[in-house]
Amino acid sequence: MAKKVKLRYGRIAAALCVLAVIVALIYAAIQGIIWGFNYLFRSEEGNNEKPQTPQMVITPEMRACDTIMARRLDSLINIPQTLDTSLIAISVYDVTTESQVYEFHADRSMAPASCMKVATAVAALKTLGMDYRYNVSLQIRGEMKRDTLVGTLLLVADDDPLFNDFTPLVRKMKSRGFRNFRGNIILNLAREDTLKAHPTGKTWDIPYHKAPLLMKGKERITKQFMATLSANGISFKKDNTVNSAKAKGRYGDGRYHYVARISHDIKEIITPMLINSSNVKADALFYHLDWKKGILPNKQMAWDSIHHTERFWNEILSPEDTTKCLFPRPVKPQLAYKDGSGLSPDNRLTANTLVDMLRYAYKDEDLRNYFINEALASPASPRSGSLLTRMARAEYRDRIFVKTGTLVTKGGSSLSGYLEGYDGHWYIFSIIHEDSPVADARIFQDRLCKMMMGNRKIKN
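Residues numbered from 1 in each chain as written. Predicted model: local features only at pLDDT ≥ 70, side-chain atom pairs only at ≥ 80, totals over all residues. Heavy atoms only, no water.

Visitor: Please provide a residue-by-residue account of the pairing of strand E4 (residues 148-157), values included.
Guide: For E4, a buried count of nine out of ten residues is recorded, marking the element as mostly surrounded by other parts of the structure. Here ten bridges tie strand E3 (residues 133-145) to E4, and the two strands are oriented antiparallel to one another. Paired with Met-144 across the bridge in E4 is Leu-149. Between E3 and E4, which follow one another and run antiparallel, lie two residues, and Arg-146 among them has a positive phi close to 60 degrees. Sheet topology places E4 next to strand E5 (residues 180-189); ten bridges connect them, and they run parallel. Looking across to E5, one finds that Leu-155 is bridged to Leu-187. (Buried < 20%, exposed > 50% of the residue type's maximum accessible area, 1.4 Å probe, protein only. Helix = DSSP H or I, 4+ residues; strand = E, 2+ residues; numbered from the N terminus. Pairing = 2+ DSSP bridges.)

This is how it looks when you write it as structure tokens:
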């Protein structure tokens, strides 16, 4: 009997061994299948990957182009002329070879005039985003009784420089059935003071009548809003006993509900600011950045604070940790950001600084395309803007894109931007004049740009 039991245990042990082998084979087969699929998918993904763009090889011929360009520019400086060359700063950088081509007093701190708007525009677009929008809205909270809201009407307004009339906003609200209000009206404004030129500038640079509606001070904005309500047949009765927070129904539940909104794209401000050199839009944008970053105490301009634009560029061009500097320069200049428009004669940039700002924009594909295709003035085109008749020949069209600058009170003039040279290379350049006749300075700037572009056939 005992022998039979041993025999049975032996068979069971053999069966278990066979089963273990089968399980191991199945597991190995599954692992093999999984590995095979992973291999196939990795191969397929690898085939779908975009090949990396090979870095451009800089040839001796390309370097020679830079040398020739530098000699041409130097010859222009050394030609006898009416301008005092000690008051001129020039910086030229070749984007194609990624090398500095020419410098002349390029690290001297000077008043950049309206080329200051380049610093403001880039800082705004990188801080707020290319798709940023200014918003002005009407919101309500309370209880509707027929066509009367018993509660609170709230105006929330960014300091939008394009907003100049409450009528479209009020009419949108009225079209939704609101005719009367009883309770309170609250204005939540981004800023409550009046837009003015920097104290070092001239008061007539941004006169009160040119200030956008939402930058004429809270008192004026309140009066204008109330007058617009009345003009559109909407009545308001103040009642401090109304507590809209406890209201129920469609417009209750303790929160505000939008009834009208108007918005503008940031590019609608920056494009005319650069092409037509709008000082109002530039300074409005400059202080809007301060507000967004909490640098506007009491929602009013602070002249002596370190503005966001300055902080932005310091982090990129001259950080405390110099190893993090995007474009290292041997000389650290003294810079000053007094306003966003360039109206203050106390602003200070260098020709190299402006070139580095434009280099920073060029490295960002979205910014580069926006500046070259939309935002910078270009001669002989609908975008001539502040260039007027300068370099107006058709052969320069689509080859030069610039920001102009003029500061008559200081004899200042500037020109900065991108251009395609006669050698096919793309250059970033900046020219600044101080204490010079503006007309003569412009002639010099145009002559330098024409020399760089040379005579080429008109593009179809």
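Next comes the rest of the write-up.
Visitor: Quick rundown of the packing of helix H6 (residues 266-275) against helix H10 (residues 365-375)? Include the residues and the values.
Guide: At a closest axis distance of 10 Å, the pairing of H6 and H10 adopts a crossing angle of 60 degrees. On the basis of the axis angle, H6 is oblique to H10. H6 and H10 meet at a crossing whose hand is right-handed. Contact residues: Lys-267, Ile-270, Thr-271, Leu-274 and Ile-275 in H6; Tyr-370, Phe-371, Glu-374 and Ala-375 in H10. For the contact of H6 with H10, the residue count by class is six nonpolar, one polar and two charged. (Axes fitted to C-alpha atoms, helices over the stretch in contact; angles between N-to-C directions. Parallel < 35°, antiparallel > 145°, perpendicular 65-115°, else oblique. Left-handed = near helix turned anticlockwise from the far one by under 90°. Contact = heavy atoms within 4.5 Å. Nonpolar A, V, L, I, M, F, W, Y, C, P; charged D, E, K, R; others polar.)

Visitor: Can you tell me about the packing of helix H3 (residues 116-128) against H6, naming the residues and giving the values?
Guide: Across the interface, H3 lies against H6 with an axial gap of 10 Å and an inter-helix angle of 165 degrees. Relative to H6, the element H3 is oriented roughly antiparallel. Regarding H3 and H6, the two cross each other, and that crossing is left-handed. Contacts from Lys-117, Val-118, Thr-120, Ala-121, Ala-124, Leu-125 and Leu-128 of H3 reach H6 at Ile-266, Ile-270, Met-273 and Leu-274. A class-by-class count of the residues in the contact of H3 with H6 yields nine nonpolar, one polar and one charged.

Visitor: Requested: an account of the packing of aromatic side chains, with residues and values cited.
Guide: Evaluated as defined, the whole model comprises 13 aromatic pairs. The interplanar angle of 70 degrees and the centroid separation of 5.2 Å between the aromatic rings of Phe-166 and Phe-225 together place this pair among those described as edge-to-face. Placement of the pair is Phe-166 in the loop between E4 and helix H4 (167-174) and Phe-225 in helix H5 (residues 218-231), with a sequence separation of 59 residues. On the basis of relative accessibility, which here comes to 0%, the residue Phe-166 falls in the buried class. Ring geometry for Phe-312 against Trp-313: centres 5.0 Å apart, planes inclined by 85 degrees, an arrangement best described as edge-to-face. Across the pair, exposure class does not vary: Phe-312 and Trp-313 are buried alike. Within the aromatic cluster, the residues linked to one another by ring pairs are Phe-163, Phe-166 and Phe-225. Directly above the aromatic system of Tyr-208 lies the positively charged group of Lys-216, at a separation of 5.5 Å from the ring centroid. (Phe/Tyr/Trp six-rings, centres within 6.5 Å; stacked < 30°, edge-to-face > 60°. Lys NZ or Arg CZ within 6 Å of the ring centre and 35° of its normal.)

Spatial relationships are all this shows, so hold off on functional conclusions.
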